[in-house]
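The residues making up each chain are set out below.
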Amino acid sequence: MEPGTWANRTTVTEFILLGLTENVRLKPILFVVFLFAYVLTIGGNFSILAAIFVEPKLHTPMYYFLGNLSLLDIGCITVTVPPMLACLLPPQCRVPYAACISQLFFFHLLAGVDCHLLTAMAYDRYLAICQPLTYSTRMRREVRGALVAICCTISFINALTHTVAVSVLDFCGPNVVNHFYCDLPPLFQLSCSSIHLNGQLLFVGATFMGVFPMILISMSYAHVTAAVLRIRSAEGRKKAFSTCGSHLTVVCIFYGTGFFSYMRLGSVSASDKDKGIGILNTILSPMLNPLIYSLRNPDVQGALKRVLMGKRPPE
């Protein structure tokens, strides 16, 4: 680079988020819709947490992980939706560089813990169904805490790696982000320096945060399926599968939208589609999780009714 070139370059100090739409008439409608979705998600996940806390029947490893999942869903949607709502009101949404990088870090931190926590939940189902005699010992409180700590540590390393790698990129030209929150692919499109290393890190991250967990989940459920099929009674098979159905539904929604978002880095024209995928990943999935886990679960339903009606659980 020639001397003086750095002096002639303009450093980006803020980003302009285009948000979900540039249609002025549509913005108030979207504001109301997503505010309602946010309140519903927060209320639903806090209700699940309250139900797990007050209902003795739900003081089990499976619901310990579900409680942590609810906390993560609250965190994930809070990182993205309130800033998005704030951007729907003014004519232009300006986000300081530091705020954008911070949002990216916390989103990947929480979403990464989500990935590995779903794996821990699959392992819990494997032990409960395939190793029932040693389940209580293998999934005791210390083990559950260690699994959650491992999930947080792996995700922290991944999120910090991506955040540092993005923070050293040069943003010296356009600063308009065609998204409703700061994320890796739209920021890569704005960088005026090489993103080759970032692309490699994203591939490695996707392997550790997506591919490996999916392999472990698949292996767990392969063993679960084999064990359930050996159960002779239809009622027994139905009961065993019912404890796994909710988790599998959440896994499909979460990983389906996540993989589709991050496996198409070279597609600039797909940015508008990415917004729709982002809504599924950051809003719809956390909003549906409480419904999915309570819809066919009489214990959770009973606990939720007692929480909402202010009744004490039976002795």
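As recorded in an unreviewed UniProt entry, the chain goes by the name Olfactory receptor, listed as coming from Lynx canadensis. If you open the UniProt record of the chain and go to Function (unreviewed entry), you find "Putative odorant or sperm cell receptor." UniProt lists a comment for the chain under the heading Sequence similarities (unreviewed entry), and it reads "Belongs to the G-protein coupled receptor 1 family."

## As for the UniProt feature "transmembrane region" (unreviewed entry) in the chain
Following the UniProt record, the feature "transmembrane region" (unreviewed entry) maps to residues 29-53, 65-85, 105-123, 143-161, 201-229, 241-265 and 277-295 here. Taken end to end, residues 29-53 is 100% helix and 0% strand, and its two terminal C-alpha atoms sit 36 Å from one another. Each end of residues 201-229 is marked by a C-alpha atom, and these two atoms are 41 Å apart; helix forms 100% of the span and strand 0%.

## As for the sheet that holds strand β2 (residues 93-96)
Within the open sheet, the three strands sit side by side as β2-β1-β3. Their pairing is mixed. Edge positions in the sheet fall to β2 and β3 (176-177), since each has one partner strand and no second. Bridge count for strand β1 (residues 14-17) against β2 is four bridges, and the pairing is antiparallel. Bridging from a neighbouring strand, L17 pairs with C93 of β2. On top of the sheet, helix α3 (residues 97-130) reaches β1 and β2; it is set at about 80° to β2, its chief contact.

## Focus: helix α10 (residues 298-309)
Here α10 is 12 residues long and its end C-alpha atoms lie 16 Å apart, about the 16 Å a rise of 1.5 Å per residue gives. All of the buried residues in α10 are V300, G302, A303 and L304.

## Examining the pattern of salt bridges
By the definition in use, this model includes three salt bridges. Salt-bridge contacts for E14 lead to R94; the nearest nitrogen and oxygen are separated by 2.5 Å. In this pair, E14 is assigned in strand β1 and R94 in strand β2, connecting sequence segments 80 residues apart. Under the relative-accessibility criterion, E14 is labelled partly exposed at 25%.

## Things to note about the state of the cysteines
A full pass over the atoms with the stated rule returns three disulfides. At a sulfur-sulfur separation of 1.7 Å, the disulfide partner of C87 is C93. There is no split in this pair, since C87 and C93 are both buried. Paired by a disulfide, C100 and C182 hold their sulfur atoms 1.9 Å apart.

## Looking at the packing of aromatic side chains
Following the criterion strictly, the structure yields 11 aromatic pairs and no others. Taking 5.3 Å as the distance between ring centres and 85° as the angle between the ring planes, the aromatic pair formed by F208 and F212 counts as edge-to-face. Within this pair, F208 and its partner F212 are both found in helix α7 (residues 196-229), separated by four residues, close to a single helical turn. Judged by its relative accessible area of 48%, F208 is partly exposed. Classification of F212 as partly exposed rests on a relative accessible area of 39%. Put simply, the rings of F15, Y97 and F171 touch in pairs and so form one group of aromatic residues. Just above the ring of Y64 sits the side chain of R144; from NZ or CZ to the centre is 5.1 Å.

## Quick look at the pairing of β1
The side chains of a regular strand alternate between both faces of the sheet. The pairing of β1 with β3 spans two bridges and is parallel. Its bridge partner being in β3, I16 is matched across the sheet by V176.

## Re the nonpolar core
A general trend in soluble globular proteins is that nonpolar side chains are found buried together. Counting residues in each nonpolar core, the largest one holds 61 residues, and the members touching the most others are F65, M84 and L118. Among the secondary structure elements, those contributing two or more residues to this core are α1 (26-54), α2 (61-88), α3, α5 (141-167), α7, α8 (234-262), α9 (271-295) and α10. Among the elements that take part in this core, α2 stands out by supplying 14 residues, more than any other. Setting aside its immediate chain neighbours within four residues, L118 contacts L69, I217, H247, V250, V251, F254 and Y255. Counting residues in each nonpolar core, the second largest holds 19 residues, with C93, I101, V177 and F188 among its members.

Thresholds applied
Residues numbered from 1 in each chain as written. Predicted model: local features only at pLDDT ≥ 70, side-chain atom pairs only at ≥ 80, totals over all residues. Heavy atoms only, no water. UniProt positions renumbered as here; feature names shortened; annotations may be inferred. Helix = DSSP H or I, 4+ residues; strand = E, 2+ residues; numbered from the N terminus. Pairing = 2+ DSSP bridges. Contact = heavy atoms within 4.5 Å. Axes fitted to C-alpha atoms, helices over the stretch in contact; angles between N-to-C directions. Expected span 1.5 Å × (residues − 1). Buried < 20%, exposed > 50% of the residue type's maximum accessible area, 1.4 Å probe, protein only. Salt bridge = Lys/Arg side-chain N within 4 Å of Asp/Glu carboxyl O. Disulfide = S-S within 2.5 Å. Phe/Tyr/Trp six-rings, centres within 6.5 Å; stacked < 30°, edge-to-face > 60°. Lys NZ or Arg CZ within 6 Å of the ring centre and 35° of its normal. Core = buried A, V, L, I, M, F, W, Y, C linked by side-chain atoms within 4.5 Å.

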